[in-house]
Every structure is written in C-alpha cells, then in structure tokens.
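Residue-level structural notes
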Amino acid sequence: MESNKIVGFIEVLIPITTCNIKCEYCYVIQRHNRLMKIPKLKHTPEEIAYALRPERFNGNMYISLCGAGETMITPNLAEIVKELVSQGHLVNITTNGTITKAFDRMLEIIPKEYHKQINFSFSYHYLELKRTNLTDVFWRNIKRVKAAGMSFVLQLNLYDG
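Residues numbered from 1 in each chain as written. Predicted model: local features only at pLDDT ≥ 70, side-chain atom pairs only at ≥ 80, totals over all residues. Heavy atoms only, no water.

Attention now goes to helix α4 (residues 100-109). Residues spaced three or four apart along an α-helix face the same direction, because each turn holds 3.6 residues. Taken as a whole, α4 has its buried residues at Ala102, Phe103, Met106 and Ile109. Around the axis of α4, the buried residues are gathered within 150° of arc, so they sit on the same side. α4 presents Lys101 and Glu108 as exposed residues on the side facing more than 90 degrees away from its buried surface. (Buried < 20%, exposed > 50% of the residue type's maximum accessible area, 1.4 Å probe, protein only. Helix = DSSP H or I, 4+ residues; strand = E, 2+ residues; numbered from the N terminus. Arc of directions from axis to C-beta.)

Before going further, it helps to examine the pairing of strand β4 (residues 118-124). Extensive coverage of β4 is indicated by the burial of 7 of its 7 residues. Side chains Ile118, Phe120, Phe122 and Tyr124 project from β4 onto one buried face, and the interleaved Asn119, Ser121 and Ser123 project onto a second face that is buried too. Strand direction decides the pairing type here: strand β3 (residues 90-95) and β4, joined by 5 bridges, are parallel. When the bridges of β4 are listed, isoleucine 93 appears paired with phenylalanine 120. In this fold, β3 hands off to α4, which returns the chain to β4; that crossover is right-handed. (Pairing = 2+ DSSP bridges. Right-handed = clockwise from strand over helix to strand, strands pointing away.)

Taken together, the side chains of Trp139, Phe152, Leu154 and Leu156 define a hydrophobic patch exposed on the protein surface, amounting to about 360 Å² of accessible area. Positionally, leucine 156 belongs in strand β5 (residues 151-156). (Patch = residues over 30% accessible without salt bridge, like charges linked within 9 Å, V, L, I, M, F, W, Y side chains within 5 Å. Areas by Shrake-Rupley, 256 points an atom, 1.4 Å probe, with all protein chains shown as cover. Salt bridge = Lys/Arg side-chain N within 4 Å of Asp/Glu carboxyl O.)

This brings us to the nonpolar core. If you look at the biggest cluster of nonpolar residues, it comprises 37 residues, and the most contacted ones within it are Met72, Val81, Ile93 and Phe120. Elements represented by at least two residues in this core include exactly β1 (6-14), β2 (60-67), α3 (77-86), β3, α4, β4 and α6 (135-147). Element by element, the count of residues in this core is highest for α3, at 6 residues. (Core = buried A, V, L, I, M, F, W, Y, C linked by side-chain atoms within 4.5 Å.)

A separate point is the sheet that holds β2. Working definition: the strands of a sheet are paired by backbone hydrogen bonds and lie parallel or antiparallel to each other. Overall, parallel pairing links the 5 strands, which are arranged β1-β2-β3-β4-β5 in an open sheet. One side of each edge strand has no neighbouring strand; the edge strands of this open sheet are β1 and β5. Neighbour-to-neighbour, the strand axes of this sheet turn through a mean angle of 15°, independent of strand direction. In the sheet, β1 pairs with β2 via 8 bridges, with the strands oriented parallel. Opposite leucine 13, over in β2, you have cysteine 66 as the bridge partner. (Axes fitted to C-alpha atoms, helices over the stretch in contact; angles between N-to-C directions.)

Enumeration according to the criterion identifies 10 aromatic pairs in this entry. Between phenylalanine 120 and phenylalanine 122, the ring centres sit 5.9 Å apart and the planes meet at 40°, which makes this aromatic pair tilted. As far as burial versus exposure is concerned, phenylalanine 120 and phenylalanine 122 are alike and both buried. Summarising the aromatic geometry, the rings of phenylalanine 122 and phenylalanine 138 are spaced 5.8 Å apart at their centres and angled 85° between planes, so their arrangement reads as edge-to-face. Separated by 16 residues along the polypeptide, phenylalanine 122 in strand β4 and phenylalanine 138 in helix α6 bring together distant segments of the chain. In this pair, the class of phenylalanine 122 matches that of phenylalanine 138, namely buried. Taken together through their ring pairs, the aromatic side chains of Phe103, Phe120, Phe122, Tyr124, Tyr126, Phe138, Trp139 and Phe152 make up a single cluster. Looking at arginine 53, its charged tip hangs above the ring of tyrosine 50, at a distance of 3.9 Å from the centre. (Phe/Tyr/Trp six-rings, centres within 6.5 Å; stacked < 30°, edge-to-face > 60°. Lys NZ or Arg CZ within 6 Å of the ring centre and 35° of its normal.)

In structure tokens:
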C-alpha cells in the first residue's frame with residue numbers, strides 16, 4: 001500500500017449543535033436544530049482513528065470534519081485530528097475561525113511534521129464577525145494556521161443581507 005496516496009474522501013458530520021456566533025442565515029437555526037449541545041463522543045480519539053485506519057480503505061483518505069455548529073468546539077478535536085494525520089490521512093476542518101483556544105490546542109499537540117496534512121475551511125461570516133467584534137480574531141487565526149504550515153481555504157457565504 002502506497003502510504004501517501006489518497007484513495008478517497010470521507011465527510012464526517014460531528015453531532016455538535018452549538019456555536020459561538022449566530023448568523024441569521026444559518027441553516028441550523030432555520031431548521032430549529034440549534035440545540036446548543038456539545039456532544040459526548042462515545043469513542044476515544046484512538047478508537048476513532050482505528051476505525052478509520054488506512055488499511056480499511058486500501059490507502060489514506062481525505063477526511064473532512066464538520067459540525068452542525070462550530071466544529072472547533074468539539075471536545076478532543078485536536079486529539080482526533082492528531083490520531084488521523086499520524087496515520088497518513090489528510091484532514092479538513094470546517095470552522096468559523098474564532099475559537100482561538102482550539103487553534104492553540106491544535107498547534108500545541110500536533111507535531112509540526114503533520115501540519116501539511118491539515119486544512120482549515122474558514123467560513124467568512126462578515127456581518128456576524130463584525131457584529132461580535134471577532135473580525136480581527138478570525139484573520140489572526142488564519143495567519144497562525146498559515147504560519148504553522150497548515151493550509152486553508154476561505155469560504156465566502158452568500159447572503160442577500
């Protein structure tokens with residue numbers, strides 16, 4: 001098995017329904033699914049990584065982690081990402097980019113040699129970032145990710161407002 005070949009894509013919806021911002025166009029709010037719950041995951045980061053080990057897929061996967069809320073609030077997220085990238089997977093995390101403590105944790109526990117395997121999809125919620133005075137925090141976290149050698153994409157959320 002070629003260790004660095006990506007053979008597929010897995011989208012993981014983390015059952016988190018809490019968020020630190022409140023965009024009026026959010027589909028979670030519109031569907032009345034904003035339950036403000038932080039999940040108690042039934043499995044450890046090691047068990048999750050074992051279930052997603054490359055041998056099961058005949059190679060490494062591109063694994064995208066997204067919540068029905070702010071993904072970075074998920075308990076043990078940094079530990080889960082660390083386990084996945086240490087196996088050779090590429091990991092994407094969708095985020096509103098404002099949970100600085102979660103970025104701190106990622107940079108603290110994930111060894112630098114794995115940083116190139118991590119991508120952040122930063123959702124740019126301009127009006128809400130402006131309303132909550134989090135615009136500078138958002139851009140600072142992008143700069144930190146970039147400086148750490150992780151990649152990112154900037155997602156512009158279309159909204160008529």
